[in-house]
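Fold and geometry: a report
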2 protein chains.
Amino acid sequence: MKKRIGVILSGCGYLDGSEIQEAVLTLLAIDRAGAEAVCLAPDIAQHHVVNHRTGKEEAGAARNVLDESARISRGEITDIKLLDTLHLDALVIPGGYGAAKNLSTYAFKGAECTVDSGVEQAIRSFHDALKPLGFICIAPAIAACVLGSRKPELTIGNDPATATDLETMGARHVECAVNNAHIWQKGKVVSTPAYMLGPSISEVSKGIDRLVQAVLELA
Amino acid sequence: MKKRIGVILSGCGYLDGSEIQEAVLTLLAIDRAGAEAVCLAPDIAQHHVVNHRTGKEEAGAARNVLDESARISRGEITDIKLLDTLHLDALVIPGGYGAAKNLSTYAFKGAECTVDSGVEQAIRSFHDALKPLGFICIAPAIAACVLGSRKPELTIGNDPATATDLETMGARHVECAVNNAHIWQKGKVVSTPAYMLGPSISEVSKGIDRLVQAVLELA
């Protein structure tokens, strides 16, 4: 039986949704490892829509997180409300501002953030069942928010303010190179800084490959 | 000096723009090979917007090809009108219906199609300068339309009607496995079927890796 790894997306584009390259590299790493990726997203409105050429918000524009996430997965996507029907072995959340604007309020509230109820419940239920979780780029902020009381070890890159936010939420921030991933063995949580550090897609891919490999070994 | 490879995008999502996975795999292969990817797109309206969860057209919705393409390239994108300023060594066009709906009219006109003037001029000028060109998935239909009179050898997958369209435009259709790419040596044109055949991102990645490797060797 192939291991089935849920990939929680947050839209399509790093300024208002999932970081597309990180999401695709995650799907690639899962498939190459002989496992099956199952894409999920909440059926909610995006916080906003950002023009990725200009970097400016498009006033009045509206897009749906589940619809836009389906662009990355070629239409194969499930509402996260149906998570329990999917029999998954692990969950991975790629980065992009969507993780901090749609899946959580981290971009606006910092260490006072909250997490989308469906995503929070998914993380809690997998963690309680000792199923591994992977967090990429800025997504460890979600892990800190939900699991902070358990003192998870998490990467976030090298921005001191963001690292401090994670520690304020209860996590222990760990330095990690972009081509590597950190494993919090006790809690089966893996994280990698990806585009929080950059500097190139091939370096980011190495860290994501490590993360997926570790998640599969823990599953 | 790093070789600089132009990647012509057609939006963001396989039903109305670039096939996202093919586009990202192209960027990954170029970076891994030590070359530089330079993303380009025409500044035109998309033919339409398709909801990728339902597969249905969103009536009244409008998106711009250059703006949406920038989602894939993290904002780093150039209007194809400025191609001559970029000093590129080769061009690659990923697939997705955007190649057949935005960059050309192939999805609607078949062998009677036309190609966006900026894209057509880019292909002609690179071909005339003996610079290599790569076409992925359905994008070889664009090559057949622009270069048909030169009898290019092109892949398209295994759909007989599409292969016939290519031959009607003057090309010679070549069977090719998804994990491989075909090189038309005389014209320095490389193509691979990618998601015209599928069946998985890791298989598609092998063909795109081959295509990029061949394009770089020819450059």
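Quick notes on the rules
- Residues numbered from 1 in each chain as written.
- Chains lettered and ligands numbered in written order.
- Predicted model: local features only at pLDDT ≥ 70, side-chain atom pairs only at ≥ 80, totals over all residues.
- Heavy atoms only, no water.
- Salt bridge = Lys/Arg side-chain N within 4 Å of Asp/Glu carboxyl O.
- Helix = DSSP H or I, 4+ residues; strand = E, 2+ residues; numbered from the N terminus.
- Buried < 20%, exposed > 50% of the residue type's maximum accessible area, 1.4 Å probe, protein only.
- Least-squares fit on C-alpha atoms with pLDDT ≥ 70 in both.
- Contact = heavy atoms within 4.5 Å.
- Axes fitted to C-alpha atoms, helices over the stretch in contact; angles between N-to-C directions.
- Parallel < 35°, antiparallel > 145°, perpendicular 65-115°, else oblique.
- Left-handed = near helix turned anticlockwise from the far one by under 90°.
- Pairing = 2+ DSSP bridges.
- Right-handed = clockwise from strand over helix to strand, strands pointing away.

The name given to chain A in an unreviewed UniProt entry is Isoprenoid biosynthesis protein ElbB, with Pelodictyon luteolum as the source organism.

1. Observations concerning the pattern of salt bridges
This model, assessed by the stated rule, comprises 20 salt bridges over all chains. The partner of glutamate 19 of chain A in a salt bridge is arginine 74 of chain B, with the nearest N and O atoms 3.1 Å apart. Of this pair, glutamate 19 of chain A sits in the loop between β1 (4–8) and α1 (20–32) while arginine 74 of chain B is found in the loop between α2 (65–72) and β3 (78–79), placing the two residues in two different chains. Under the relative-accessibility criterion, arginine 74 of chain B is labelled partly exposed at 22%. Note that arginine 150 of chain A and aspartate 128 of chain A form a salt bridge whose closest N and O atoms lie 3.0 Å from each other.

2. Examining the relation of the copies chain B and chain A
One copy of the chain maps onto the second through a rotation around an axis plus a translation along that axis. Between chain B and chain A, which share one sequence, the superposing operator has a rotation angle of 180° and an axial displacement of 0.0 Å; the RMSD is 0.0 Å. One copy is carried onto the other by what is essentially a two-fold rotation axis. In terms of proximity to the rotation axis, the leading residue of chain B is valine 24 of chain B, whose C-alpha is 3.5 Å off the axis. When the interface residues of chain B are mapped onto chain A, 100% of them again fall at the interface, so both copies present the same face.

3. Comments concerning the packing of helix α1 (residues 20–32) of chain B against helix α8 (residues 201–218) of chain B
Residue and element names in this part refer to chain B. Contact geometry of α1 with α8 gives a least axis separation of 9 Å together with a crossing angle of 45°. In terms of orientation, α1 and α8 fall into the oblique class. Read as a crossing pair, α1 and α8 show a hand that is right-handed. Facing α1, whose interface residues are Gln21, Glu22, Leu25, Thr26, Ala29 and Ile30, α8 presents Ile201, Val204, Ser205, Ile208, Asp209 and Val212.

4. Side note on the pairing of strand β2 (residues 36–41) of chain B
Regular strands show a simple pattern: their side chains alternate between the two faces of the sheet. All names here are of chain B. Where strand β1 (residues 4–8) meets β2, five bridges bridge the pair, whose relative direction is parallel. Across the sheet, the residue bridging to glycine 6 is valine 38, located in β2. Each parallel crossover has a hand, and the one from β1 via α1 to β2 is right-handed. Pairing between β2 and β3: two bridges, direction parallel.

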